[in-house]
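A closer look at the structure
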Amino acid sequence: MRKLLSLCVLAAVAGSCAAAADGYAALNGGTTGGAGGNEVEVSTATALQAAICGRAAKDTPIVLRVIGTITLHVDVDAAKAAGSSCSGVSEDKITLQDVSNISIIGGLFHQIGIHLRRAKNVILQDLHVREVRMFPGWPTSNGGDAITVRQSDFLWVDHCTLQAGGRQVAGYDSLIDMSTTVTHVTVSYTAFLNSGRGGLIGSGSSDNANTNITFHHNYYWYIQERIPLLRYGTAHMYNNFYVGISHSGINSRRGANAMVEGNYFKNSVNPLGKFWDSVLGFWEVRDNVWDNCDWVQWLDVDVPAGSSTSDPVSTTDITIPYTAVVDSSSCTPNLVLATAGANRGLRVSDGNCGVLGNPTTPVSDLPDPDVAATPEPYTTDPSFRKVDGFAGHAGTTGGDGGLHVHVEKKADLLKQICNRATVATPLVVYYEEESEVDDLEPVTGPSCVTAVDWSEEISMVGWSNLEIHGYGDRMFTGLPVRIEESSNIVLRSLNFQTSTISVSKSSKIWFDHIVVENAIATDRSLIELVDTTSVTISYSRFTIEESPCAIEATGSTDDVTLHHNNFKAVAQCGVVSKAGKTHVYNNLFGASSVIGINVVAKAEALIENNVFDSTVNPFGTVGTIHSGSWDIRRNVLTNVTWALIGNFWQNKLGGPDKLSSAHVLVPYTDMMDQPACTAAAVEDFASDSIYEPNSDFSCDETPAPCTDIPLYGYCLPAAHCCGTGQCYKQHQWYSQCLHACPAGWACN
């Protein structure tokens, strides 16, 4: 152990680095972190957390100097980190909870975020935090935030680099979020790089006690929005360099006050204003440069601070209770590029457009402001974004290539859709927060020439190239949904409470990670597909007590894929296919009292790798003399019952002795879980959150020996092989030799 004599390793050289916090973090005694405490070198997450937790008391000063890289791959061992001077230790983040008087200096934090809760007097300096993600496909940490601050005060984030690799759809949330009573914070000389969200101050319309935040000499490079999103509080932004804002920058709403001075905004859209909220915030502007900035009113409630003919003007007068030395806005870009970010010598402004610091110190590069960020793929994780099944085969892309916007009310969602240039203009909309009261009035626009009224029904008629993401909110509670004469529609991560969905005369439809629940007596199925083609429904959950079926395909409907869905809470009938071809794989069926999969008329169904648990009549035909045909492969049937429903001649059941009645082929090859893994995959992954993982198809359950499973679809005993690696199938009416067995299976 040795005493740290200064908060900055270069403090011995006069004026060479930021030796003390400034801005709001310097008021009322200031922010000193672990000054005067022991300095401890750490190189793992566990060692860092253990040092915090192992102090004599929760307020014993300590300086933690990080050597090398802290990574989530070296997990925090909660047991080793336990101690009397901390709480809330988690294995997926660095946690500073119920602690004070801490400095963390230096090091790279790769895929692991930092979480402060009820922390006081903390300094984070010279840290590089990158690639922190919020959903699987990668290691997940801290809800996707590089830094999260809650119920804390007196924090100084200085000379850090906070770096994502794209937007929320690529797995990232914010670079720094502050909520639930956070005060007296300064963020200085920090680089914010390539993220959908810079951060927020106040997490919702009722989170009104976050205030007194300073941002100065920071570099914002290709941040989409929230730079920051400011609710209620007061923030001071000076001498920051903003490049490539694509949606909105400083978003002052709910009565917030933003002092904006000496900043330089370049190649940006809506660098200042009030967006996505009906309650106005305010700003005072002084000596800012608006270089090639556009001003766009995304929603009727938006108030961009400028326009095509005028730069922003002040809407209020704001008093800042400290004296800041503000550089001229004209020198802000060069000054910020010379000083901001981690591992760059902790250099600072001299207050007169000059730089203080050791010029021989190695300097890491910052992104060139004249070079745009490379747009990330819609996601780099194929298990997250992949449209598979018949919808994928038909080329369903949703809103790919279009604008990505965020709304908090159904009314604003509808306005965004109707404000598209045409009914085919691609658009991706994220519905972020559930609103208890939503004023739904008829809306018109370029893509809604006839007024659209969502007060009693969510109607999507004649639209295409549209994608709507929720966050599991019950955004369509009690309202039926109707999609008609539409194409290339994607609905994901939505909860339809006491609702039904009808899709007619449409094509290329993808429902993914949705929940549809209906406990109200009705003669409608939860999802009705009528005269519709190329549909995939995946990773979704259905609850139904009174309606006839969870999913019903009728008319000329064709090419429907259902996979990894949970039908356990469906009381009567899981799926009824009355037309076309349906591919049903890796689904979980429970105690349906009538039938699991009802295949009637001219319908064909390929039914493979599903689990039927305590199901009456897992598959077959009921309710009509017109039977469909089914191809049964590798399903798991546990405690099932085969029973006639009504008149015998109106039922044709699959039954243990019927097996397949046809050979059904699909024009694509989807990855599947083995039958023994289906139940776990569905229970774990089928939900209303796209941030839950999808199956990675790596289940290592060993298939049961061929000799134990004398049914088509499994590889059969040697007596049933009719060629090298080929299986023999006994149809109900005829026999044939099949193609090679699926991967992982072989004839004895």
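Details of the structure are given in the entry above.
Residues numbered from 1 in each chain as written. Predicted model: local features only at pLDDT ≥ 70, side-chain atom pairs only at ≥ 80, totals over all residues. Heavy atoms only, no water.

1. Examining unusual backbone geometry
Each neighbour pair has its own omega, and for Ile-227 with Pro-228 the value is -10°, a cis peptide bond. Its place among the elements puts Pro-228 in the loop between strand E19 (219-225) and strand E20 (229-231). Positive phi, close to 55°, is recorded for Asn-142, a residue that is not glycine. Within the secondary structure, Asn-142 is located in the loop between strand E10 (128-130) and strand E11 (147-150). Its identity is not glycine, yet Asn-609 carries a phi of approximately 60°, on the positive side. Summarising the element assignment, Asn-609 is placed in the loop between strand E54 (604-608) and strand E55 (611-613). For Asn-609, a relative accessible area of 4% gives the class buried. (Helix = DSSP H or I, 4+ residues; strand = E, 2+ residues; numbered from the N terminus. Buried < 20%, exposed > 50% of the residue type's maximum accessible area, 1.4 Å probe, protein only.)

2. Considerations on a nonpolar patch on the surface
Judged by side-chain polarity, Leu-280, Phe-282 and Val-303 come together as a nonpolar surface patch covering roughly 200 Å² of accessible area. Among the structural elements, Val-303 can be located in strand E29 (residues 303-304). In this structure Val-303 comes out as partly exposed when scored by relative accessible area, which is 33%. (Patch = residues over 30% accessible without salt bridge, like charges linked within 9 Å, V, L, I, M, F, W, Y side chains within 5 Å. Areas by Shrake-Rupley, 256 points an atom, 1.4 Å probe, with all protein chains shown as cover. Salt bridge = Lys/Arg side-chain N within 4 Å of Asp/Glu carboxyl O.)

3. With respect to the pairing of strand E21 (residues 234-238)
Of all five residues in E21, five are buried; the element is thus mostly enclosed. Burial along E21 is two-sided: Thr-234, His-236 and Tyr-238 facing one way and Ala-235 and Met-237 facing the other are all buried. Taken together, the four bridges between strand E18 (residues 211-216) and E21 define a ladder with parallel strand orientation. Counted as the bridge partner of Ile-213 is Ala-235 from E21. One ladder, built from five bridges, connects E21 with strand E24 (residues 257-261); its direction is parallel. Note on E24: the bridge partner recorded for Met-237 is Val-260. (Pairing = 2+ DSSP bridges.)

4. Let's talk about helix H3 (residues 332-339)
What H3 keeps buried is the set Thr-332, Pro-333, Leu-335, Val-336 and Thr-339. What you see down the axis of H3 is that its buried residues fit within an arc of 165°, all on one side. Buried residues along H3 sit against E19, strand E22 (241-243), strand E25 (264-266), strand E30 (348-349) and strand E31 (355-356). Remark: Gly-341 follows H3 within two positions and exhibits a positive phi of approximately 105°. (Arc of directions from axis to C-beta. Contact = heavy atoms within 4.5 Å.)

5. A word on the packing of aromatic side chains
Scanning the model with the defined rule gives 15 aromatic pairs in all. Aromatic pair Tyr-24 and Tyr-322: ring centres 5.1 Å apart, planes at 85°, arrangement edge-to-face. Of this pair, Tyr-24 sits in the loop between strand E1 (2-3) and strand E2 (38-42) while Tyr-322 sits in the loop between E29 and H3, and the two are 298 residues apart along the sequence. Accessibility expressed as a relative area gives 2% for Tyr-24, which makes it buried. By relative accessible area, which is 15% here, Tyr-322 ends up buried. With centroids separated by 4.8 Å and ring planes inclined at 10°, the aromatic side chains of Phe-589 and Phe-612 adopt a geometry described as stacked. Residue Phe-589 is found in strand E52 (residues 588-589), and its partner Phe-612 is found in strand E55; the two are separated by 23 residues along the sequence. (Phe/Tyr/Trp six-rings, centres within 6.5 Å; stacked < 30°, edge-to-face > 60°.)

6. Quick word on the pattern of salt bridges
One pass over the structure, following the stated rule, counts 18 salt bridges. Here Glu-284 makes a salt bridge to Arg-286, at a shortest N to O gap of 3.0 Å. When its relative accessible area of 38% is taken as the criterion, Arg-286 is described as partly exposed. Of the charged contacts in the structure, one is a salt bridge between Glu-683 and Lys-568, with a shortest N-O distance of 3.4 Å. Of this pair, Glu-683 sits in helix H8 (residues 675-685) while Lys-568 sits in strand E49 (residues 566-570), and the two are 115 residues apart along the sequence. Through salt bridges with shared partners, a single ionic network connects Arg-253, Arg-254 and Asp-277.

7. Focus: the sheet that holds E22
One open sheet accounts for nine strands, arranged E4-E7-E10-E13-E16-E19-E22-E25-E28; its pairing is parallel. With partners counted over all chains shown, the strands left at the sheet margins are strand E4 (69-71) and strand E28 (289-291), one partner each. If you compare each strand with its neighbour and ignore which way they point, the axes differ by 20° on average. With three bridges connecting them, E22 and E25 associate as parallel partners. When the sheet's bridge partners are listed, Phe-241 is paired in E25 with Tyr-264. Packed onto the sheet, H3 meets E19, E22 and E25 and runs at close to 95° relative to E22. (Axes fitted to C-alpha atoms, helices over the stretch in contact; angles between N-to-C directions.)

8. Structural notes on the state of the cysteines
Evaluated as defined, the whole model comprises four disulfides. Across the disulfide, Cys-53 is cross-linked to Cys-86 (sulfur-sulfur distance 1.8 Å). In this structure, the disulfide formed by Cys-53 and Cys-86 twists by about 95° around the S-S bond and is classed as right-handed. One end of the pair, Cys-53, is in helix H1 (residues 45-53); the other, Cys-86, is in the loop between helix H2 (78-81) and strand E5 (93-97), with 33 residues separating them in the sequence. Taken individually, Cys-53 and Cys-86 each receive the classification buried, so the pair is uniform in this respect. One disulfide in the model links Cys-331 with Cys-353; its S-S distance is 1.9 Å. Taking the sign of the S-S torsion, about -65° here, the bridge from Cys-331 to Cys-353 comes out left-handed. With Cys-331 in the loop between E29 and H3 and Cys-353 in the loop between E30 and E31, this pair connects stretches of sequence that are 22 residues apart. (Disulfide = S-S within 2.5 Å.)

Geometry only, nothing functional implied.
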